[in-house]
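Residues per chain, in single letters:
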Amino acid sequence: MKLVIISGSVYGTADLVADEAACLANAAGLQATRMKTPSVDTLLAEHADALLVCCATTGMGEIPDNLMSFHIELRDRFPLFTDVPFGVIALGDTAYGDTFCLAGEQFRDTFEELQAREARSMLRLDASETVTPETDAEPWLADFFAALRAEV
Ligand SMILES: Cc1cc2nc3c(=O)[nH]c(=O)nc-3n(C[C@H](O)[C@H](O)[C@H](O)COP(=O)(O)O)c2cc1C
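Residues numbered from 1 in each chain as written. Predicted model: local features only at pLDDT ≥ 70, side-chain atom pairs only at ≥ 80, totals over all residues. Heavy atoms only, no water.

(A) The arrangement of the pairing of strand E3 (residues 50-56) in detail. In terms of burial, E3 is a largely internal element, seven of the seven residues being buried. Pairing geometry for strand E1 (residues 2-8) and E3, over six bridges, is parallel. The partner of Leu3 across the bridge, within E3, is Ala50. Two strands pair when backbone bridges link them, and E3 and strand E4 (residues 85-92) are joined in this way by six bridges, in the parallel orientation. Along E4, the bridge assignment pairs Val53 with Val88. (Buried < 20%, exposed > 50% of the residue type's maximum accessible area, 1.4 Å probe, protein only. Helix = DSSP H or I, 4+ residues; strand = E, 2+ residues; numbered from the N terminus. Pairing = 2+ DSSP bridges.)

Below you can see the structure in the form of structure tokens.
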């Protein structure tokens, strides 16, 4: 099963979590591919069996620059990912109040509207609580990969 892992990051933490996810996915027998600046066309060309988005929130609840145009393009072109399993790891900080993990939530909502199917409820990683998000994500990732493997 081919898993495309997309990361949206300003300072590199979400990239780190996504890199760790790719290592663990490959070790779990999935074929992981990383994308940092996807477009709709480059994503479609991957023919992904499953998707994972690791996305930080920046500004006042905004998507990081490297994924901003991708998200706009998804909403403009509306390519359907019918029944494609996906997951979102949202990185944020509760110190930002109402905008906590809003960028990850936007990707989750968009992929749901594109008819993809959330294989495991979104993981929220709070920078106020942890300095090792890549380790904290491991149990969630193990469950996510198990859910994907159960699909084959
Ligand atoms: C300028 C700035 C703005 C931020 N805005 C938000 C926000 O609105 N909501 C949120 O949940 N986290 C916010 N954060 C916290 C980051 O999402 C969090 O620290 C994350 O782990 C950073 O990931 P990155 O290293 O991949 O960029 C902000 C951080 C910075 C530095």
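There is more to say, and it comes next.
(B) The environment of Arg124, seen in detail. Along the chain, Arg124 falls in strand E6 (residues 123-126). On the accessibility criterion, Arg124 (38% relative accessible area) is partly exposed. Ignoring sequence-local partners within four residues, the contact set of Arg124 consists of Ala90, Phe100, Cys101, Glu105 and Arg108. Within the structure, Arg124 has its side chain in polar contact with the side chain of Glu105 (distance 3.1 Å). (Contact = heavy atoms within 4.5 Å. Polar contact = N/O pair within 3.5 Å; in protein donor to acceptor, adjacent residues only side chain to side chain.)

(C) A look at the side chain of Ser9. Within the secondary structure, Ser9 sits in the loop between E1 and helix H1 (13-27). Its relative accessible area of 13% is what places Ser9 among the buried residues. Of the polar contacts made by the side chain of Ser9, one reaches the backbone nitrogen of Gly12; its length is 2.8 Å. In this structure Ser9 touches Ala14, Asp15, Ala56, Pro64 and Asn66, once residues within four positions along its chain are discounted.

(D) Geometry of helix H6 (residues 138-149). Counted at 1.5 Å a residue, the expected span for H6 with its twelve residues is 16 Å, and the 16 Å between its end C-alpha atoms agrees. Considered for burial, the residues of H6 that qualify are Trp140, Leu141, Phe144, Phe145 and Leu148. When H6 is viewed along its axis, its buried side chains cluster within an angular range of 130° and face the same direction. Of the surrounding elements, those touching the buried residues of H6 are E1, H1, E3, E4 and E6. (Expected span 1.5 Å × (residues − 1). Arc of directions from axis to C-beta.)

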